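The residues making up each chain are set out below.
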Amino acid sequence: MSFPLYAPAEEHAMLRETVRALADEKIAPRAAAADETEEFPWDVYKALVASDLHAVHVPEQYGGAGADALATVIVIEEVARACASSSLIPAVNKLGTVPLLLSASEELKARYLAPVAGGEAMFSYALSEADAGSDAAGMKTRAVLDGDHYVLNGTKMWITNAGVSEYYTVMAVTAPGEGARGISAFVVEKSDEGVSFGPKEKKLGIKASPTRQVILENVRIPASRLIGEPGSGFKTALATLDHTRITIAAQALGIAQGALDFSIGYVKERRQFGKPISDFQGVQFMLADMAMKLEAARQLTYHAAAKSELAMHGSPQKDLTFLSSAAKCAASDAAMDITTDAVQLLGGYGYTREFPVERMMRDAKITQIYEGTNQIQRMVMARQLLK
Ligand code: CAA
């Protein structure tokens, strides 16, 4: 009798090695400066494109690498271990394009996925607004049909990689008064007349990834840029998050792994009271707890990724919504705990920018907030349980 191995495949392990080597060589050495200057790391983007790691999830039929959801998680994890801002390149490329993969016409998919796969364009996701964050369906951005065009007006907020992305999935109200059922999804291009961007938000972390408003003023786009049916945009937006909250979990895992690895190296070197601080049981217990939380979150995330992969290939998974929220919540809470403990283990040194752990702690915080706060994740999980 043969049992399926409950572990990533050999190809996944090889992929991890490849990404880790690239991240060690080209991404980690840039992470502190990227954080300090708050400039988008175009050199890292080029290095990821050269290795075809910038948008691995795009299916082969659209010119992509066709990586499965677990492989995508591993790529994001390993990039985040070196630099959380850079890990938003593969993560946001997935977030922006999953609405197309789930709901768009073949024509739209072919037109917009190929440039992303080829590294010529990045793709962002524009759901939130100033007054519509957790209550995303409360958005005000309007899209009005005018002949064979839609005209969009409104301001999207907190848009990751805004300005550096060429393409945007924009959710807008097409039937006012109908709530979530009156929202539609569109592809908007940076070069469309009437598209502009707000100033870069001054953030606590992920500083090298621009977060800006996307401002839409009488943006006239062909009706063929509608993703799916009119009124289906909010469902597409939430169905997308079922897949991509898992990639935020991956980012959190990577940040936490980076902090744990650095801490382990440090406590073996740092001597106090005549011996390495790793000899003290108090320190050992902290390390054990950090590794335990990380591995628990990792297993949940990989399980969720396997479900995401099945769901993407026509086999609906009833528990995907629960698992993706659970993975995002567990991994981001673990990352916050682990990075905070890493700063503690390094003591005064950990609190300075001479060492990477304070950056990791700042970067970890966003994973508890974006793609739905962890309070929203708990609400989503509870709704699934009580349904
Ligand atoms: N998949 C598909 N459809 C879904 C769904 C899912 N997972 N969950 C709900 N729906 C459907 C519902 O069935 C309902 O459809 P019907 O009316 O036909 O029944 C419709 O969507 C509306 O659902 P709800 O009534 O549950 O909607 P709600 O207004 O109560 O809100 C919510 C639900 C879970 C709170 C949702 O608004 C939410 O997730 N909020 C958080 C927003 C969020 O995650 N924002 C992230 C922004 S992106 C980002 O952060 C990216 C970045 O920077 C990197």
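Think of each chain on its own: its residues are numbered from 1, step by step along the sequence as written. Where local features are concerned, this predicted model is filtered to residues with pLDDT of at least 70; where side-chain atom pairs are given and counted, the filter is 80 or more; whole-chain, interface and lining totals use all residues. Neither water nor hydrogens contribute to the side-chain values; these are computed over all heavy atoms in the structure.

### Some remarks on the packing of aromatic side chains
Describing an aromatic ring pair means giving the distance of the ring centres and the angle of the ring planes. Test applied: Side-chain rings of Phe, Tyr and Trp, where Trp is taken by its six-membered ring, are said to pair if the distance between their centres is within 6.5 Å; with planes under 30 degrees apart they count as stacked, over 60 as edge-to-face, and otherwise as tilted. Working definition: with a 1.4 Å probe on protein chains only, accessible area under 20% of the residue-type maximum means buried, over 50% means exposed, and in between means partly exposed.
Summed over all chains, the structure comprises eleven aromatic pairs. Arranged with centres 4.6 Å apart and planes meeting at 70°, the rings of Phe40 and Trp42 form a pair that is edge-to-face. For Phe40, a relative accessible area of 9% gives the class buried. Through pairs of rings, three or more aromatic residues link up here, namely Phe262, Tyr266, Tyr349 and Phe355.

### A short note on the site of the ligand
What counts here: Being near a molecule or strand, for a residue, means having at least one of its heavy atoms within 4 Å of it. We call two N or O atoms a polar contact when they sit within 3.5 Å, provided that within protein one can donate a hydrogen and the other can accept it, with sequence-adjacent residues counted only if both atoms are side-chain atoms. Only the protein chains shown count as cover for residues, and all accessible areas are computed by the Shrake-Rupley method using a 1.4 Å probe. Numbering of helices and strands runs from the N terminus; a helix is a DSSP stretch of H or I covering at least four residues, while a strand is a stretch of E covering at least two. Residues are sorted three ways: Asp, Glu, Lys and Arg are charged, Ala, Val, Leu, Ile, Met, Phe, Trp, Tyr, Cys and Pro are nonpolar, and all the rest, Gly among them, are polar. As annotated, the domain borders come from an automatic or database domain assignment.
Close to the ligand lie 27 residues; Thr160, Lys235, Arg245, Glu371 and Arg383 are nearest. Within the side chain of Arg181, an N or O atom sits 2.9 Å from an oxygen atom of the ligand. Arg383 has a polar side-chain atom sitting 2.7 Å from an oxygen atom of the ligand. Within the complex, the protein chains bury 74% of what would otherwise be the 1100 Å² of accessible surface of the ligand. In terms of residue count, the dominant contributor to the shell around the ligand is helix H6 (residues 233-269) (seven residues). Here the residues of the shell around the ligand sort into 15 nonpolar, six polar and six charged. Residue assignment places the shell around the ligand across two domains, with domain 2 (123-231) and domain 3 (234-386) each supplying three or more.

### Some remarks on the environment of Glu309
What counts here: Contacts are assigned to residue pairs that have any heavy atoms within 4.5 Å of one another.
Its place among the elements puts Glu309 in helix H7 (residues 281-312). In sequence terms Glu309 and Glu39 are 270 residues apart; their C-alpha atoms lie 33 Å from each other. Those residues in contact with Glu309, other than ones at most four positions away along the chain, are Asp68 and Ala69.

### Side note on the pairing of strand S1 (residues 123-126)
The condition is simple: Two strands are counted as paired when DSSP detects at least two bridges linking them.
Burial along S1 is two-sided: Phe123 and Tyr125 and Ser124 and Ala126, pointing in opposite directions, are all buried. Judged from the four bridges that link them, S1 and strand S4 (residues 167-173) form a sheet pairing that is parallel. Looking at the pairing, Ser124 lines up with Tyr168 of S4.

### Describing the pattern of salt bridges
Note on pairing: side chains with opposite charge can pair once their charged atoms come close. Applied cut-off: Any carboxyl oxygen of Asp or Glu within 4 Å of a side-chain nitrogen of Lys or Arg constitutes a salt bridge here.
Taken as a whole and assessed by the stated rule, the structure comprises 22 salt bridges. As a salt-bridge pair, Asp24 and Arg81 come within 3.7 Å of each other at their nearest N and O atoms. Of this pair, Asp24 sits in helix H1 (residues 10-37) while Arg81 is found in helix H3 (residues 69-82), placing the two residues 57 residues apart along the sequence. With a shortest N-O distance of 3.3 Å, Asp319 and Lys307 are connected by a salt bridge. Placement of the pair is Asp319 in the loop between H7 and helix H8 (320-350) and Lys307 in helix H7, with a sequence separation of twelve residues. According to the relative accessible area criterion, Lys307 is buried, its value standing at 17%. One salt-bridge network, held together by shared partners, links Arg16, Arg20, Glu77, Glu78, Glu295 and Arg298.

### Notes on the domain arrangement of the protein chain
Just so we agree on the cut-off: Summed over both partners, the accessible area lost on bringing two parts together, with a 1.4 Å probe, is the buried area.
Under the domain assignment, the protein chain is made up of domain 1 (3-117), domain 2 (123-231) and domain 3 (234-386). Each of domain 1 and domain 2 has a C-alpha centre, and the two are 23 Å apart. Listed per partner, the contact involves 25 residues of domain 1 and 21 residues of domain 2. Roughly 2100 Å² of surface becomes buried between domain 1 and domain 2 when both sides are summed, with 65% attributable to carbon and sulfur atoms. Across the contact surface, domain 1 and domain 2 share two salt bridges. Between Lys207 and Glu38 there is a salt bridge whose closest N-O contact spans 3.7 Å. For the pair domain 1 and domain 2, the interface holds nine residue pairs in polar contact (both at pLDDT 80 or more). Elements with a minimum of two residues in the side of domain 1 that touches domain 2: H1, helix H4 (84-103) and helix H5 (106-117). Among the elements that line the side of domain 1 that touches domain 2, the one with the most residues is H4, at twelve residues. When its residues are assigned to classes, the side of domain 1 that touches domain 2 shows 16 nonpolar, five polar and four charged.

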